[in-house]
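Given next are the chains, with one letter for each unit.
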Number of protein chains: 2
Amino acid sequence: MTCETPATGGSARDRFERMHDEIRTRICLLDYAPGTRLSEEALAAELGTSRTPLRRVLARLESEGLLQSVHGVGTFVTDVDLRELVQTFRVRLELAELIGRLDPVAPSAALLAEFRVLQARSKTLRDDPDPRRFAQINMDFFIALMRLTANQPLREMSERLYFRTTRIWLKSIFASLIDLKDEVEVFDREIDDILRAVELGDLQAAALIRRAHISMSFERMRKAAAGVTGAAVTP
Amino acid sequence: MTCETPATGGSARDRFERMHDEIRTRICLLDYAPGTRLSEEALAAELGTSRTPLRRVLARLESEGLLQSVHGVGTFVTDVDLRELVQTFRVRLELAELIGRLDPVAPSAALLAEFRVLQARSKTLRDDPDPRRFAQINMDFFIALMRLTANQPLREMSERLYFRTTRIWLKSIFASLIDLKDEVEVFDREIDDILRAVELGDLQAAALIRRAHISMSFERMRKAAAGVTGAAVTP
DNA sequence: TGATGATTCGTTGTGCACAACTTGTCGGGG
DNA sequence: CCCCGACAAGTTGTGCACAACGAATCATCA
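Treat the numbers as computed from the prediction; the structure is a model and nothing was measured.

Reading the values: rules and limits
Residues numbered from 1 in each chain as written. Chains lettered and ligands numbered in written order. Predicted model: local features only at pLDDT ≥ 70, side-chain atom pairs only at ≥ 80, totals over all residues. Heavy atoms only, no water. Helix = DSSP H or I, 4+ residues; strand = E, 2+ residues; numbered from the N terminus. Buried < 20%, exposed > 50% of the residue type's maximum accessible area, 1.4 Å probe, protein only. Contact = heavy atoms within 4.5 Å. Buried area = accessible area lost by both parts, 1.4 Å probe. Salt bridge = Lys/Arg side-chain N within 4 Å of Asp/Glu carboxyl O. Domains from an automatic or database assignment. Expected span 1.5 Å × (residues − 1).

## Section: the side chain of D192 of chain A
Residues and elements named next belong to chain A.
Now for step 1: In this structure, D192 sits in helix 8 (residues 180-200).
Now for step 2: Looking at D192, the relative accessible area reads 17%, which means it is buried.
Now for step 3: When neighbours within four sequence positions are excluded, D192 is seen to be in contact with Q119 and K123.

## What about the interface of chain A and chain B?
Now for step 1: If you look at the interface, chain A gives 30 residues, while chain B gives 30 residues.
Now for step 2: For the pairing of chain A and chain B, the buried interface totals around 2600 Å² over both sides, and the portion due to carbon and sulfur atoms is 49%.
Now for step 3: Our count for the chain A to chain B interface comes out at ten salt bridges.
Now for step 4: R101 of chain B serves as the salt-bridge partner of E94 of chain A, at 3.2 Å between the closest nitrogen and oxygen.

## What about the domain arrangement of chain A?
All names here are of chain A.
Now for step 1: Looking at the assigned domains, one finds that chain A contains domain 1 (12-77) and domain 2 (82-231).
Now for step 2: On a C-alpha basis, the centres of domain 1 and domain 2 stand 25 Å from each other.
Now for step 3: Buried area between domain 1 and domain 2, both sides added, is near 1200 Å², and the carbon and sulfur share of it is 62%.
Now for step 4: Joining domain 1 to domain 2, the criterion identifies one salt bridge.
Now for step 5: Close ionic contact of D31 with R132 constitutes a salt bridge, the shortest N to O distance being 2.6 Å.

## Structural notes on helix 3 (residues 51-63) of chain B
Now for step 1: With 13 residues, helix 3 of chain B should reach 18 Å at 1.5 Å per residue; the first-to-last C-alpha distance of 18 Å fits that figure.
Now for step 2: Among the residues of helix 3 of chain B, L54, V57, L58, A59, L61 and S63 of chain B are the ones counted as buried.
Now for step 3: In this structure, the buried side of helix 3 of chain B is in contact with helix 3 (51-63) of chain A together with helix 1 (12-28), helix 2 (40-46), strand 2 (67-70) and helix 7 (152-174) of chain B.
Now for step 4: Immediately downstream of helix 3 of chain B, the backbone of G65 of chain B shows phi near 85°, a positive value.

This is the structure in structure tokens:
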């Protein structure tokens, strides 16, 4: 089933990173929904390794707030409560703006090409909306945006917060709290607008547009969730 | 020799945190200077545990940028090059200001008392300047400041960046690049000023003062280092 | 004498067996 | 019928032995 040479090859560090990214993607794409219990033994077997190196990966994901291990019980995918979500988004907004102000770098031709590919992928998404593909493209777009700053610590912090909260947004889509087609439409415009600013070399403008979209995205999510929890309280 | 019950007691998580904080403190106080090799076996023995749980701690410290493990060679305390230092301080400045703007909380009586104790400790430092004690008080003051915001992610990011760079500042003091007595004097004034703002309930002002001091502290350090590297280039 | 290759040593990474711990179940007693 | 305690199953945490790897050393040869 899995195709991307999950097990052998490369140094120990490479194997660690591969496993880490793989599991993180599964969590962020809701293949492992919040509350899911992960079997160390089964996962280790699937990834073609033993518990020891896998536990290293799980510990890292726990420090990133995506997992939580409890002795004698299991390791579970975390959920994000509203309070934490609000706090995280507040910081994400500020960091998004900093991307344009702190150590911005003119994008290489390769990066520009990548942006255009993402733009094209976004267009195909409009014809055939799919939550999972949407989330994947969204993630790739985020990673591309990070390459607009040379400030490594800023990148790190931004990524940390992004990966911690993005699955909640995806969850809202799966739960039909927010409309998939609308979000796809908005996202497509976001790429267009940001790409225009990037091509102009105005990274600060690009960052401001990004900040605005994160803010609005969160606001839509918050309003939808408030409508639900306000109407139906524990069925 | 070690007195603070390093080994047994509490849950696995508690033991992890104790070991983590202990080693982190040693690194930040330059008990383990950059470049030092840490022996897993010796450290495990000293902390009264085995390599397995210790390696968990070391992996965490590596993800925090304080250590680096190389297969077949050893685990070493990292150094911070100028580029990384500059980038980190740029972000630290912004985060310091955010402490006063994002989810500020009125300090409890206990926290205020703690600030006053720190103020007193700072005064004693003026009479008997000692780099290590200075660094310790500075660290405690930083941790107290973090408690002025309820925004957990913001705290986390700020701490991460603080612990990654503070030892470079201490290194400059030990190397007499910057004058200990001057720094103590400046720090004492910083506490006074910030405490005044905090007692007034103006956390935003406190954060701005803090930001200014971080900025100036870095500037003094940068200038001193530039003077040295400009004069004596690799003997 | 200098260079080169095998070797030895010490270190980190991995796999496995067992200990520590929690949860759910089953039996007995009030 | 309910409650409580012991037990069993399953999970994460720990310790240990060995494999994988890198660097320094020493012997050998040109």
